[in-house]
Amino acid sequence: MLTDRQQLFVAEYVKDFKPTAAAERAGYATPPWSDEVRAAVDEEVRNKRELLSIDAALVLREVATIAFASMGEFFNRDWELKDISTLTDIQKRAIEAVQIDETDHKRTVKIKLHSKNAALEMLGKNLKLFTERFEVSPTDGLAELIAEARARVDDAKRLSEVTQ
């Protein structure tokens with residue numbers, strides 16, 4: 001069973017997942033990590049995910065929405081901006097910002113989409129498309145190099161015995 005302060009730490013930690021800040025807010029000098037506290041954090045995160053119905057598939061779908069959005073979806077065939085009421089919810093979620101500038105005779109609307117590169121990178125990492133691979137192959141003549149090094153060590157030992 002957690003103490004009141006440990007429960008407070010868990011509640012503070014799941015707000016921003018910053019252990020040092022959560023520890024300070026709960027009155028600790030350092031995070032009070034223990035198996036019991038970690039289990040409580042895991043349980044709290046599970047509860048929040050269930051409450052919000054958030055799972056990995058939902059997050060990946062949202063990232064994919066951003067990754068595969070096209071600016072062309074927001075214009076008609078004459079490259080005039082579509083009315084926002086005609087956009088789908090998926091299209092709207094890809095928008096990061098809309099800026100409207102009006103002057104006496106002209107109205108300018110700028111749309112900025114969320115970062116396609118960042119979303120593609122997240123998807124690629126999740127699918128392990130960008131994992132770094134290192135190939136290790138035996139060095140040609142490795143046995144000969146080891147034998148030569150051993151011979152030098154033996155020579156150095158003999159030389160030191162002779163000079164003593």
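### A look at the overall build of the protein chain
Link 1 in the chain: Per the secondary structure count, the protein chain includes seven helices and two strands.
Link 2 in the chain: Starting at the N terminus, the α and β elements of the protein chain follow one another as α-α-α-α-α-β-β-α-α.
Link 3 in the chain: Here the protein chain has a C-alpha radius of gyration of 30 Å; the compact-globule value for 164 residues is 15 Å, and the former is much larger.
Link 4 in the chain: Taken along the three principal axes of its C-alpha coordinates, the protein chain extends 100 × 55 × 35 Å.
Link 5 in the chain: In the protein chain, which comprises 164 residues, the proportion classed as buried is 18%.
Link 6 in the chain: Restricting to contacts in the protein chain with at least 6 residues of sequence separation, those with at least 24 account for 43%.
Link 7 in the chain: Only carbon and sulfur atoms are counted for the fraction: they give 54% of the accessible area of the protein chain, which is about 13300 Å².
Link 8 in the chain: On the protein chain, the mean spot of the 25 positive side-chain charges and the mean spot of the 30 negative ones are 2 Å from each other.

### Brief notes about the side chain of Glu12
Link 1 in the chain: Its location among the elements puts Glu12 in helix α1 (residues 4–16).
Link 2 in the chain: The buried category is assigned to Glu12, whose relative accessible area is 11%.
Link 3 in the chain: Aside from chain neighbours lying at most four places away, what touches Glu12 is Ala22 and Arg25.

### Focus: unusual backbone geometry
Link 1 in the chain: Even without glycine at this site, Trp79 takes up a positive phi of about 60°.
Link 2 in the chain: One can find Trp79 in the loop between α4 (56–67) and α5 (89–93).
Link 3 in the chain: Unusually for a residue other than glycine, Lys128 sits at a positive phi of about 60°.
Link 4 in the chain: Relative to the elements of secondary structure, Lys128 occurs in the loop between α6 (116–126) and α7 (142–163).

### Brief notes about the side chain of Thr65
Link 1 in the chain: Mapping Thr65 onto the fold places it in helix α4.
Link 2 in the chain: Accessibility expressed as a relative area gives 13% for Thr65, which makes it buried.
Link 3 in the chain: The residues touching Thr65, leaving out its near neighbours within four places in the chain, are Ile90, Arg93 and Ala94.

### Examining the pairing of strand β2 (residues 107–113)
Link 1 in the chain: Pairing geometry for strand β1 (residues 95–102) and β2, over seven bridges, is antiparallel. Looking at β2, one finds that Gln99 is bridged to Lys110.
Link 2 in the chain: The antiparallel pairing of β1 with β2 creates a hairpin that spans four residues between the two strands.

### Notes on the confidence of the model for the protein chain
Link 1 in the chain: Scored by pLDDT, the protein chain comes out at a mean of 86, with 92% of its residues at no less than 70.
Link 2 in the chain: Within the protein chain, α7 has the poorest average pLDDT of any element, 77, and helix α2 (residues 19–25) the best, 94.

Reading guide: rules and limits
- Residues numbered from 1 in each chain as written.
- Predicted model: local features only at pLDDT ≥ 70, side-chain atom pairs only at ≥ 80, totals over all residues.
- Heavy atoms only, no water.
- Helix = DSSP H or I, 4+ residues; strand = E, 2+ residues; numbered from the N terminus.
- Rg over C-alpha atoms; globule rule 2.2 N^0.38 Å.
- Buried < 20%, exposed > 50% of the residue type's maximum accessible area, 1.4 Å probe, protein only.
- Contact = heavy atoms within 4.5 Å.
- Areas by Shrake-Rupley, 256 points an atom, 1.4 Å probe, with all protein chains shown as cover.
- Lys, Arg positive; Asp, Glu negative; His and termini not counted.
- Charge placed at Lys NZ, Arg CZ, Asp CG, Glu CD.
- Pairing = 2+ DSSP bridges.
- pLDDT = per-residue confidence, 0-100.

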